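# Coordinate inspection notes
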Amino acid sequence: MDQAMRPYRSVLYIPGSKERALDKARGLPVDAIIFDLEDAVAADEKATARTLLTDTLKAGGYGNRAKIVRINGLDTGWGADDARAIAAIGADAVLLPKVGNAVMLKALTDLLPKAMPVWAMIETPRGIINAMEIAAHPRIEAFVMGTNDLAKDLNCRFRPDRMPLMTSLQTALLAARAHGVVCIDGVFNAFRDDDGLRAECEQGRDLGFDGKTLIHPAQIAVANEVFAPTGEEVDLARRQIEAFEAAEAEGHLPHPLRWRAIRPGKTADGGVRGGRGRGAGRRRRGRPDRRELACRHGAGHAGQGGGDCSIGDGAMIWLLLEAARWWLADRFTRMSPAWCGVMGLAG
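All of the points below concern the structure found in this document. Everything quoted here is computed from the prediction, not taken from an experiment. (Residues numbered from 1 in each chain as written. Predicted model: local features only at pLDDT ≥ 70, side-chain atom pairs only at ≥ 80, totals over all residues. Heavy atoms only, no water.)

## Considerations on unusual backbone geometry
Condition: Secondary structure follows DSSP: runs of H or I at least 4 residues long count as helices, runs of E at least 2 residues long count as strands, and numbering of each begins at the N terminus. Relative accessibility decides the category of a residue: with a 1.4 Å probe and only protein chains considered, values under 20% of the type maximum give buried, values over 50% give exposed, and everything between is partly exposed.
A positive phi angle is found at Lys98, which is not glycine, with a value near 50°. Here Lys98 shows up in the loop between β4 (93-96) and α4 (102-109). Take Lys98: its relative accessible area is 37%, and that puts it in the partly exposed class. You will see that Arg162, though not glycine, has its phi angle at about 55°, which is positive. Within the fold, Arg162 resides in the loop between α7 (147-154) and α8 (166-178).

What follows is the structure, encoded as structure tokens:
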């Protein structure tokens, strides 16, 4: 499967030394698996885990799940051997821990086939500061936030709202978006706390992350639900695109009153209708609202002063429809053909 077309709602860590866990992962409804040879494997089991994992990946059976291998750091006695072993059998990507600059990526890519993508753990202050440099590397495909190690290095406290980490999270996310790189949020440690997991997934989704790294299969369902578009969002985006294309075919823009019928959260008389989930009365993933669109495009009525950003109906509708087209393309650009078919967007 084309990596650029994948969803990464749920990315599950699996210890590379646990044969039973490796086998169980073949049947889990997860978008991607990080087979871990680093933190999850004791020092005296490193070589054995490497052999077990290479044999397991050769056997296959993981379907369309993305297969990423987190190797040990190249500054350890195991990292280079890990990289060579994975290069020999193939994987969808190799994940390097504690990436602090692009030079570290160059050392890894020298050990890998040219076609093999690289993922980077962003989990140190140096990695955050150099996030733009790392994201600009031609082989980098994804960032994975290592929030536990990052919090330790920052000497910050763990809080449910993650405010002490917010600058770091957003800095990494900005760098990833600037270079078209996937960005996966860090783990939620209390795997039996479904409410806490949901809240942190929703926060990560609203910040703009593509998905969530997970430490237990019990967390998969929540991540898949939160990071997937709702039925209402899919339906609205489809209807907005259909309205735009129909208007283009007829050579004019739709009338504002007809547009109101396909806008979310509005009744025929202009009142507010209740909603649920992500589409209910708030913006997400950086989409501009209609007032911001008006100001941004500078299309105010002549003679209106005092900072009023109102614009003509035709221009407003065009801007709203363009925003809808942008949103749909952004939301589904990494989805697999099978997933798009499920959501009714294949074609």
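Further notes follow.
## Side note on α8
Our working definition: Expected helix span is given by 1.5 Å per residue-to-residue step, counting one fewer step than there are residues.
Its 13 residues place the ends of α8 18 Å apart at the C-alpha level, agreeing with the 18 Å of an ideal helix rising 1.5 Å per residue. Where α8 is concerned, the buried positions are Met166, Ser168, Leu169, Ala172, Leu173, Ala175 and Ala176.

## Some points on the packing of helix α9 (residues 194-207) against helix α10 (residues 220-227)
The axes of two packed helices give the description: the angle between them and the distance between them. Which entries qualify depends on this criterion: Every angle, taken between N-to-C directions, lies between 0 and 180 degrees, and every axis is a line fitted to C-alpha atoms, over only the stretch in contact when it is a helix. What makes a crossing left-handed is the near helix being turned counterclockwise from the far one by less than a right angle; a clockwise turn instead makes it right-handed. Contacts between residues were defined by any pair of non-hydrogen atoms, one from each residue, lying within 4.5 Å. Residues are grouped as follows: nonpolar covers Ala, Val, Leu, Ile, Met, Phe, Trp, Tyr, Cys and Pro; charged covers Asp, Glu, Lys and Arg; every other residue, Gly included, is treated as polar.
Where α9 contacts α10, the two axes come as close as 9 Å, and the packing angle between them is 35°. Note that α9 runs across α10; the crossing there is right-handed. On α10, the residues touching Leu197, Arg198, Cys201, Glu202, Gly204 and Arg205 of α9 are Val222, Ala223, Glu225, Val226 and Phe227. A breakdown of the residues in the contact of α9 with α10 according to their chemical character gives six nonpolar, one polar and four charged.

## Here's the deal with the sheet that holds strand β6 (residues 140-145)
Adjacent strands of a sheet form backbone hydrogen bonds with each other and so pair up, either parallel or antiparallel. This is how the line gets drawn: At least two DSSP bridges between two strands are needed for those strands to be called paired.
Strand order around the closed barrel formed by eight strands is β1-β2-β3-β4-β5-β6-β7-β8, with parallel pairing between neighbours. Each neighbouring strand pair of the sheet contributes to a mean axis angle of 25°, computed without reference to strand direction. Here three bridges tie strand β1 (residues 10-15) to strand β8 (residues 211-214), and the two strands are oriented parallel to one another. Its bridge partner lying in β8, Val11 is registered against Thr213. In the packing of α4 onto the sheet, the strands contacted are β4, β5 (118-122) and β6, and the crossing angle to β4 comes to about 135°.

## As for the environment of Cys183
Here Cys183 lies in strand β7 (residues 182-185). You can call Cys183 buried: its relative accessible area is 0%. In sequence terms Cys183 and Val144 are 39 residues apart; their C-alpha atoms lie 6.1 Å from each other. Not counting the four nearest positions on each side in its chain, Cys183 is found in contact with Phe143, Met145, Ala172, Leu173, Ala176, Arg177, Phe209, Asp210 and Gly211.

## What to know about helix α11 (residues 231-250)
The end-to-end C-alpha distance of α11 is 28 Å, a good match for the 28 Å that 20 residues give at a rise of 1.5 Å each. Buried residues of α11: Glu233, Val234, Leu236, Ala237, Gln240, Ile241, Phe244 and Ala247, and no others. Phi turns positive one or two residues past the end of α11, at Gly251, with a value near 80°.

## A few points about the nonpolar core
What tends to happen in soluble globular proteins is that the nonpolar side chains get buried as a cluster. Quick note on the threshold: Here, the term nonpolar core denotes a set of buried Ala, Val, Leu, Ile, Met, Phe, Trp, Tyr and Cys residues that are joined through side-chain atoms within 4.5 Å.
If you look at the biggest cluster of nonpolar residues, it comprises 57 residues, and the most contacted ones within it are Phe35, Val69, Leu108, Ile122, Phe143 and Met145. Within the second largest apolar cluster, 16 residues are counted, among which are Val11, Ile34, Ala93 and Val144.

## Some thoughts on the packing of aromatic side chains
Note on aromatic pairs: each is described by the distance of the centres and the angle between the planes. Counted only if it meets this: Note on ring pairs: Phe, Tyr and Trp rings are taken, using the six-membered ring of Trp, and paired if centres are within 6.5 Å. Classes follow the plane angle, with under 30 degrees stacked, over 60 edge-to-face and the rest tilted. Geometrically, a charge over a ring is one whose NZ (Lys) or CZ (Arg) sits within 6 Å of the ring centre while staying within 35 degrees of the ring normal.
Enumeration over the complete set of coordinates arrives at two aromatic pairs. For the ring pair Tyr8 and Trp119, a centre distance of 5.4 Å and an interplane angle of 70° mean the geometry is edge-to-face. Placement of Tyr8 in the segment before β1 and of Trp119 in strand β5 is noted, with a sequence separation of 111 residues between them. Centroid distance Phe35 to Tyr62: 5.2 Å. Interplanar angle 75°. Geometry classified as edge-to-face. Pair noted here: Phe35 is in strand β2 (residues 32-36) and Tyr62 is in the loop between α2 (46-59) and β3 (66-70), with a separation of 27 residues, a long-range link. Taking the relative accessible area as the measure of exposure, Tyr62 reaches 2% and is therefore buried. Seen from the ring of Trp78, Lys46 lies directly overhead, with NZ or CZ sitting 5.2 Å from the centre.

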